[in-house]
Amino acid sequence: MKINFIQVYAEIDTSYDITNTVLIPLKKYLNGLNKSVVHYDKLFKTDDYRIVFYISATREHKDFVKGPKTYSKQKKVEFFIFLPYKEFDIFTQQMNYILDCIGQGIIFVFKKYKTDPTGVEEVMDKMKTLITSDPEKYQKWTKRE
């Protein structure tokens, strides 16, 4: 199973600028946990599938996590994580909040499907430490290779 992230912001003036310099290592560290969701292993008859977490922000009171939407032919499962919108003046505080919310969303999904969430909080803490150590680096978008 591989985890991926996509950002979709449907509400005007309700978004977070989560750069690829945050999302790429986050995805790498989460995938390094080598998690597997037994339900989807059985459904797809393989452990080679993707779970995509769509990140969105909302000012409304919505369910924190929505989904799944399952695409059997593509071996893909999608969940939406709706981050309650807050404004921040300091980038590191904003990223800490966002990473906490994303981590809670992933843990919620793992627990829903009886998958051990061990390691997810540690990955989020590692990302927070990296961002705090060099905020300018993580505020910038990098070119894709």
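What comes next is a walk through the structure. (Residues numbered from 1 in each chain as written. Predicted model: local features only at pLDDT ≥ 70, side-chain atom pairs only at ≥ 80, totals over all residues. Heavy atoms only, no water.)

Observations regarding the overall build of the protein chain
Of the regular secondary structure elements, the protein chain holds 5 helices and 4 strands. Listing each helix as α and each strand as β along the protein chain from the N terminus yields β-α-α-β-β-β-α-α-α. Considering only C-alpha atoms, the protein chain reaches an extent of 45 × 30 × 30 Å along its principal axes. Out of the 145 residues belonging to the protein chain, those deemed buried represent 44%. (Helix = DSSP H or I, 4+ residues; strand = E, 2+ residues; numbered from the N terminus. Buried < 20%, exposed > 50% of the residue type's maximum accessible area, 1.4 Å probe, protein only.)

Some points on the packing of aromatic side chains
One pass over the full model with this rule turns up 12 aromatic pairs. With a centroid separation of 5.9 Å and 25° between ring planes, the pair formed by Y40 and F44 is classed as stacked. Of this pair, Y40 and F44 both sit in helix α2 (residues 38–44), 4 residues apart, which is roughly one turn of the helix. Summarising the burial analysis for this pair, Y40 and F44 share the class buried. Seen from the ring of Y71, K76 lies directly overhead, with NZ or CZ sitting 5.0 Å from the centre. Geometry around Y29 places K126 over its ring, the cationic atom sitting 4.1 Å from the centre. (Phe/Tyr/Trp six-rings, centres within 6.5 Å; stacked < 30°, edge-to-face > 60°. Lys NZ or Arg CZ within 6 Å of the ring centre and 35° of its normal.)

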